[in-house]
Amino acid sequence: MKILVIGSGGREHAVIRKLSENPEIETIYALPGNGGMKEAVLVPVSAMENDRIVCFALENEVDYVVVTPDDPLAAGLVDDLTDAGIPCFGPDRKAAEIESSKVFAKNLMKKYGIPTAAFETFDDAEEALRYLETASFPIVLKADGLALGKGVLIAMDHEEAVDAVRTIMQDRKFGESGKRMVIEEFLEGPEVSVLSFTDGKTVVPMVSSMDHKKAGDGDTGLNTGGMGTIAPNPFYTEEVAARCMEEIFLPTVRAMREEGRPFKGCLYFGLMITKDGPKVIEYNCRFGDPETEVVLPLLESDLFTVMKAVTDGRLSETEVRFSDRSAACVMLASGGYPGAYEKGFEIDIPEDVEPSVFFAGVKEKDGKLYTNGGRVLGVYAVADTLRDALSEAYAKAARITFEKCFFRKDIGKRALEALERTGEAGGEGASEA
Ligand code: AMP
Ligand code: GLY
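So, how was this worked out
Residues numbered from 1 in each chain as written. Chains lettered and ligands numbered in written order. Predicted model: local features only at pLDDT ≥ 70, side-chain atom pairs only at ≥ 80, totals over all residues. Heavy atoms only, no water. Near = heavy atom within 4 Å. Polar contact = N/O pair within 3.5 Å; in protein donor to acceptor, adjacent residues only side chain to side chain. Areas by Shrake-Rupley, 256 points an atom, 1.4 Å probe, with all protein chains shown as cover. Nonpolar A, V, L, I, M, F, W, Y, C, P; charged D, E, K, R; others polar. Pairing = 2+ DSSP bridges. Helix = DSSP H or I, 4+ residues; strand = E, 2+ residues; numbered from the N terminus. Contact = heavy atoms within 4.5 Å. Axes fitted to C-alpha atoms, helices over the stretch in contact; angles between N-to-C directions. Core = buried A, V, L, I, M, F, W, Y, C linked by side-chain atoms within 4.5 Å. Buried < 20%, exposed > 50% of the residue type's maximum accessible area, 1.4 Å probe, protein only. Patch = residues over 30% accessible without salt bridge, like charges linked within 9 Å, V, L, I, M, F, W, Y side chains within 5 Å. Salt bridge = Lys/Arg side-chain N within 4 Å of Asp/Glu carboxyl O. Lys, Arg positive; Asp, Glu negative; His and termini not counted. Charge placed at Lys NZ, Arg CZ, Asp CG, Glu CD. Phe/Tyr/Trp six-rings, centres within 6.5 Å; stacked < 30°, edge-to-face > 60°. Lys NZ or Arg CZ within 6 Å of the ring centre and 35° of its normal.

## Concerning the site of ligand 2
Then, in step 1: Taken together, Asp211, Gly225, Tyr268, Asn284, Arg286, Gly288, Asp289, Pro290 and Glu291 make up the full set of residues near ligand 2.
Then, in step 2: In this structure, Arg286 approaches ligand 2 through a side-chain N or O atom, which is 2.9 Å from an oxygen atom.
Then, in step 3: The backbone of Asp289 places a nitrogen or oxygen atom 2.9 Å from a nitrogen atom of ligand 2.
Then, in step 4: For ligand 2, whose free accessible area comes to 200 Å², the fraction covered by protein is 90%.
Then, in step 5: Partitioning the shell around ligand 2 into residue classes produces 2 nonpolar, 3 polar and 4 charged.

As structure tokens, then:
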């Protein structure tokens, strides 16, 4: 069997490595992939060229395509592949709107009573500014569309909120994403990421995880794509998991079906556990990065079998089993990220550490790897306890060197503190929507 995976980051590497465990898969193509993906054959085509991707898949008799990043999903790559008769994993364009339009997602939650921050939507800057005159602070301002995870601004007072409206709607800092915006209530509480498999009817949450979005230790500095993750997330107790299933996961899958946009693929729930219960902060129409780097190493079932069941609408009959161990991933980044950074530094990785690495922003030349992006690679470990997984991941990270390398030293600290207070968390299982 031949599989094509679209994308080039650490998340895609985690997907590829998991798929490569299936002996029936002879070839995995990564488009465009990166030079660290030894399990894959790289295809130097942009992930946004739908026509070329469909042609490549047909010419090379690809049996199945996994579309992982948000942009190609929002651009209808799954629709085009499906029209060409190529089975694939991922939502179609209409279902992907759950991530690509925050206005759509918020209105969906309002219509179906799914708990989320109270909000108003605006397509006119003057109207948004008028609304702020009577609003309370802090307040959260979000550009409607995809903005590389950067289109969310938290304003502590009226002045900062006015600046945020100008930045999003008038200066168009996030481009066309700022044509419309959402202004919403500021929520407080620990954040939990729950990726789930859904075929549009059944939803199977994967093991929960926790991202660390800020660049600096102690959650300081700028927002990044994610500097590290742990799984499971200790704030996701069995009680919280049961509430999420009833109040959020099943209602969302049902709502998408009722709207004529059945969601098939990986639906990512970004949750905040507030004192009033779990609420949705955001939906993503795809695997999270770097959540996937801790979630898939804990998956004991065959990933391809589960993905194919999603495509074929047979998820209810398919076993999806996760280990009850813990995983941690630490991202090594280029100095300066998420701002400007240099590229092209040689990466030195001991041979015994390489199997614990998911490569992201790297390039291969003459058998050597060089830095080629902000987030360069993730080092992960799986162990019986979170403490051991973190120690192992950090010990391995310390043995990798490249110029201007930096990483957070406190990944998992908050989770460890919570575990000390509350004990282990858990609670996954499949349910019909
Ligand atoms: P998003 O891209 O929507 O996930 O937002 C990025 C980050 O902003 C989230 O991970 C939260 O930390 C924060 N955030 C988003 N919405 C809210 C909210 N309503 N209240 C508090 N923090 C928020
Ligand atoms: N790590 C957050 C995301 O993938 O959106």
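## Structural notes on the sheet that holds strand 2 (residues 27-32)
Then, in step 1: One open sheet accounts for 5 strands, arranged 3-2-1-4-5; its pairing is parallel. Unpaired on one side and paired on the other, strand 3 (41-42) and strand 5 (88-89) mark the two borders of the sheet.
Then, in step 2: Across the face of the sheet, helix 1 (residues 10-19) comes into contact with strand 1 (2-7), strand 2 and strand 4 (64-67) while running at roughly 165° to strand 1.

## Focus on the nonpolar core
Then, in step 1: Core analysis: the biggest nonpolar cluster contains 82 residues, and Leu4, Leu81, Phe249, Leu377 and Ile400 have the highest contact counts within it.
Then, in step 2: In terms of residue count, helix 9 (residues 238-258) provides more of this core than any other element does, 10 residues in total.
Then, in step 3: One finds Val15, Phe287, Leu298 and Leu299 within the second-largest nonpolar core, a separate group that totals 41 residues.

## Section: a negative patch on the surface
Then, in step 1: A cluster of acidic residues, Asp123, Asp124, Glu126 and Glu127, forms a negative patch on the protein surface.
Then, in step 2: Take Asp124: it is sitting in the loop between strand 6 (119-122) and helix 7 (125-132).

## Section: a nonpolar patch on the surface
Then, in step 1: There is a patch of nonpolar side chains on the surface, built from Val152, Ile154, Met156 and Phe186 and spanning about 330 Å² of accessible area.
Then, in step 2: Residue placement: Val152 occurs in strand 8 (residues 152-155).

## As for the site of ligand 1
Then, in step 1: Close to ligand 1 lie 15 residues; Glu184, Glu185, Leu187, Glu191 and Glu282 are nearest.
Then, in step 2: Here a nitrogen atom of ligand 1 and a backbone polar atom of Leu187 are 2.8 Å apart.
Then, in step 3: When ligand 1 sits alone it has 470 Å² of accessible area, and the protein chains cover 91% of it.
Then, in step 4: The residue makeup of the shell around ligand 1, split by class, is 8 nonpolar, no polar and 7 charged.

## What to know about the packing of aromatic side chains
Then, in step 1: Taken as a whole and assessed by the stated rule, the structure comprises 11 aromatic pairs.
Then, in step 2: Taken together, a centroid distance of 6.3 Å and an interplanar angle of 75° make the contact between Phe89 and Phe197 edge-to-face. Of this pair, Phe89 sits in strand 5 while Phe197 sits in strand 10 (residues 191-198), and the two are 108 residues apart along the sequence. Each member of the pair Phe89 and Phe197 is classed as buried.
Then, in step 3: Taken together, a centroid distance of 5.8 Å and an interplanar angle of 70° make the contact between Phe269 and Tyr283 edge-to-face. Of this pair, Phe269 sits in strand 16 (residues 265-274) while Tyr283 sits in strand 17 (residues 277-284), and the two are 14 residues apart along the sequence.
Then, in step 4: Classification of Tyr283 by relative accessible area gives buried; the value is 4%.
Then, in step 5: Cluster of aromatic residues (ring-pair linked, three or more members): Phe89, Phe197 and Phe287.
Then, in step 6: Over the face of the ring belonging to Phe119 we find Lys110, whose NZ or CZ atom lies 4.9 Å from the ring centre.
Then, in step 7: Over the aromatic face of Phe407 sits the side chain of Lys409, whose NZ or CZ is 4.4 Å from the ring centroid.

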